[in-house]
Structures are given as C-alpha cells and as structure tokens.
Amino acid sequence: MNVIKNNEIDKTQWYNFVKDHPKGNLFQTPDMYDVYQKTKGYTPQVIAIEQNKQIVGILLWVVIAESGIKSYFSKRSIIQGAPLAKNDNEDIIVALLNEYEECRDKRIIYTQIRNHYEMLTVNDAFQQCGYRFSSHLNFIISLDDENKMWERISKGRIKQIKKAQKNGLIVDVYEPKMIDDNVLEQSYDVLKSIYTRIGLPLVGIDQIKAINEKGLLVIFMVKTEQREVLGCRLGLINNDSIYGWYAGSYSQYYNLFPNDILIWETLRWGLNNNYKTFDYGGAGEPNKKYGVRAFKQQMGGELVNYGRYEKIHRKFMFQLGKIGLNILRLLK
C-alpha cells in the first residue's frame, strides 16, 4: 500500500472513490476539502491509500481553531463520515488512522470521528488505534412515497402541519444557482439570531458561501403570506441524500407552527427531486437531554445510533478546556 496526501491525490479518482463507496458522503469529497480551505479557522488535510495506483482508502479531516482565548481550550480535529476503505477492509482503516496519527497537528486536543453509517463491524480497527466509541443518535427519513411519508408522521405533528397551512405559512425553496448573496445573508441573519439565543455553535457565513459556490446548498425559507421570514433550513445535497445542516425559526412565531411546515416541505421537495433520504444531522446522546429529539422523532424517521469515536491527545488540556469553556459560559 502507498500513502499519498493532499495535492498528490488525483481529485477525479478521489471523487469517484467516494461517490461509488457504499458509505461515501459529502464530507469526504474534494468539494468539502475546497470549502474548508475557504473557511476561517479551518485547516483541512486528506490522506489516501493506493494499491496498484488505485485509491482504496480515504480520510479527510479538518482542524478547527476558534478565535481568541477559546483556541487554547478547543483546538480539535473533526473527521466526518470516514475513514472510508474499500470493502470496509480493517487493514486499510488501521493504515489510514496510523498515518493520520503521524501527520496530524500535534497541538490539537482531541480527534472526533462522526460516523454517518454503522461502523461497529470494524470496531476492532478503531480500538486498535486508541479510539473510544460513544453513542450518538440520529434520524434518517426515507423519501419513498408522499402518502407513506405522511402516514409515518405522528398525529400531533400532522395536526400542527395543517395548522401552519391554515395560518397561511408558505415555504420558498432556493435551489442551487438560485441562491444569491441576499438570500444567503437573510438566512444567516435568521440562524445567527436563533443559535446565539440558544447557545449553539454556527459556522461562519464564509463556509456557507463556499458551499453555495459548489452547488451543494439548498435553502428552505418559511414565510407568512405577507412574505415575512419566520425561519429557514439549510440543506446539503449530495448524490441521493439531503443532509439537514442548520435550521430554526423565531420563537415568537412558534404559535404559527413554522418548524412543522418547514420540515414537511423539505421532505416533499426532496421526494419530488429524486432524493432518497433525509439525514437529520444528529439527535444527541441517548442519556442526555436534547430538546428537539422528540420533534425529530415525530417526523417518522428511522432512529439509528451510528455513534462517534473519540481520541484525546492532550488529557490535561482537555480537562482544562472543559473548565475554561464552562467559565466562559457563566461569564456570558
């Protein structure tokens, strides 16, 4: 096996390997590598394993360094949907993880692998390389038939979707090549307001613009009949899947049920545009409170526990980081 890195990798072969892999996903594509390069505070790297000049394994990661004092406590490496190995070969997975260990930024505090598929069949490979599994839930919704999709939704949620329709709410869809700076900024203003209020992280608008430039973004915007924006959803599209990236509505309009019609119209658009699945993007840890899990569950998706793998490289800084971030939250 031969290891190649970054610009040594043929992008066409890389793209085709991910596209044809049963567990291939957007976050391991050359497109996302380019997006991360344009994102402030993000440093991507990628390694590939070759056999007979053909890629048989890929691992893309991004080092995230936040600005200011937070960078001391939280510099981390995130791997989404990888490593990808031909036929899930454990020797290739181990080779990728070992090579990653050799060339990763030694200043990072921890590495987190966010699984997009079931990986427990190759759990031994991760354990061999020092990674610990933890449960993390998600919902995957099949976009198979509108009547079947409707029947799988809970009665309470159906009632609220109908109320939203009765209240005159509509959802405008901005497909790739339809999204201009005005739509981007309007959506980002909504999300920034919501995510700041609830204390959750939100990527910078530079990353959203970079994804839009790649034609990977679709925006759903829920509005009143008077065209007042109440909320929005950003979806990432790749192959036959929609990934639910960021979403939310202003809390003062919850009585109009904007979130209910927003997800329903997202699913309908996906079905009508030949997508097969909607990935909700996460539903938290099983034993920890997660406010929107019940809402997501009521939309009729399959509950999965693909989990995460994590490896702490600097244990003292990891513990110190927990204390430091808690102090910063209290100061807010």
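Shown above is the structure to which this text applies.
The structure displayed is predicted, hence computed values, not measured ones. Residues take numbers from 1 onward in each chain, read along the sequence in its written order. Note on the predicted model: pLDDT of at least 70 is required for a residue's local features to be given, and 80 or more for side-chain atom pairs to be given and counted; whole-chain, interface and lining totals, by contrast, use all residues. Values reported for side chains reflect all heavy atoms of the structure, with hydrogen atoms and water molecules removed beforehand.

Novice: Would you mind going over the layout of surface pockets with me for this structure?
Specialist: Unoccupied space between atoms shows up once a probe the size of one water molecule is rolled over them. Taken as a whole, the second largest pocket spans an internal volume of roughly 400 Å³. Put simply, DSSP H or I for four residues or longer makes a helix, DSSP E for two residues or longer makes a strand, and each gets a number counted from the N terminus. Elements with a minimum of two residues in the lining of the second largest pocket: strand 11 (229-238), strand 12 (241-249) and strand 13 (277-279). Under the scheme applied here, ten amino acids are nonpolar (Ala, Val, Leu, Ile, Met, Phe, Trp, Tyr, Cys and Pro), four are charged (Asp, Glu, Lys and Arg), and all others, including Gly, are polar. Its residues placed into classes, the lining of the second largest pocket shows 9 nonpolar, 8 polar and 3 charged. The way it works is a 1 Å grid over only the protein atoms, where trapped points that fit a 1.4 Å probe form a cavity and open points with protein on both sides within 12 Å along at least five of seven lines form a pocket, and then any residue with an atom within 4 Å of a point lines it. Grid points are joined across faces, edges and corners, and a volume is the space filled by probe spheres set on the points.

Novice: Would you take a moment to explain empty space enclosed by the protein for this structure?
Specialist: In the structure shown here, the tally under the stated rule is 3 cavities of 30 Å³ or more. By volume, the largest cavity amounts to about 60 Å³. Considering the residues around the largest cavity, the lining is formed by 13 residues, among which Gly 81, Ala 82, Pro 83, Leu 84 and Met 119 are closest to the centre. Broken down by class, the residue content of the lining of the largest cavity amounts to 6 nonpolar, 5 polar and 2 charged.

Novice: Even after reading the chapter, I still don't get helix 8 (residues 181-198), so can you show me in this structure?
Specialist: Residues spaced three or four apart along an α-helix point in a common direction, a consequence of the helix completing one turn every 3.6 residues. What a helix is expected to span follows from its residue count: subtract one and scale by 1.5 Å. The terminal C-alpha atoms of helix 8, which comprises 18 residues, lie 26 Å apart, in line with the 26 Å expected from a rise of 1.5 Å per residue. Contacts described as polar in this section are N or O atom pairs within 3.5 Å, which, within protein, must combine one atom able to donate a hydrogen with one able to accept it, while residues neighboring in sequence count only if both atoms come from side chains. Capping of helix 8 at its N-terminal end is provided by Asp 180; its side-chain oxygen lies 3.2 Å from the backbone amide nitrogen of Asn 182.

Novice: Whenever I open this one, the sheet that holds strand 8 (residues 138-142) confuses me. Can you help?
Specialist: Backbone-to-backbone hydrogen bonds pair the strands of a sheet. The strands run either parallel or antiparallel. Being paired, for any two strands, means DSSP has found at least two bridges between them. Ordered in space as 9-10-11-12-13-8-14, the 7 strands form an open sheet in which the pairing is mixed. Two strands lie at the open edges of the sheet, namely strand 9 (170-174) and strand 14 (302-304), each paired on one side alone. Across the sheet, the axes of successive neighbouring strands diverge by a mean angle of 25°, strand direction being ignored. Two strands pair when backbone bridges link them, and strand 11 and strand 12 are joined in this way by 8 bridges, in the antiparallel orientation. Bridge assignment links Cys 232 to a residue of strand 12, and that residue is Gly 248. Against the sheet, helix 8 makes contact with strand 9, strand 10 (217-223), strand 11 and strand 12, and its axis sits at roughly 65° relative to strand 12, the strand it touches most. Helix axes use the C-alpha atoms of the stretch in contact, all axes being lines fitted to C-alpha atoms, and the angles between their N-to-C directions lie in the range 0 to 180 degrees. Any two residues having at least one pair of non-hydrogen atoms within 4.5 Å are treated as being in contact.

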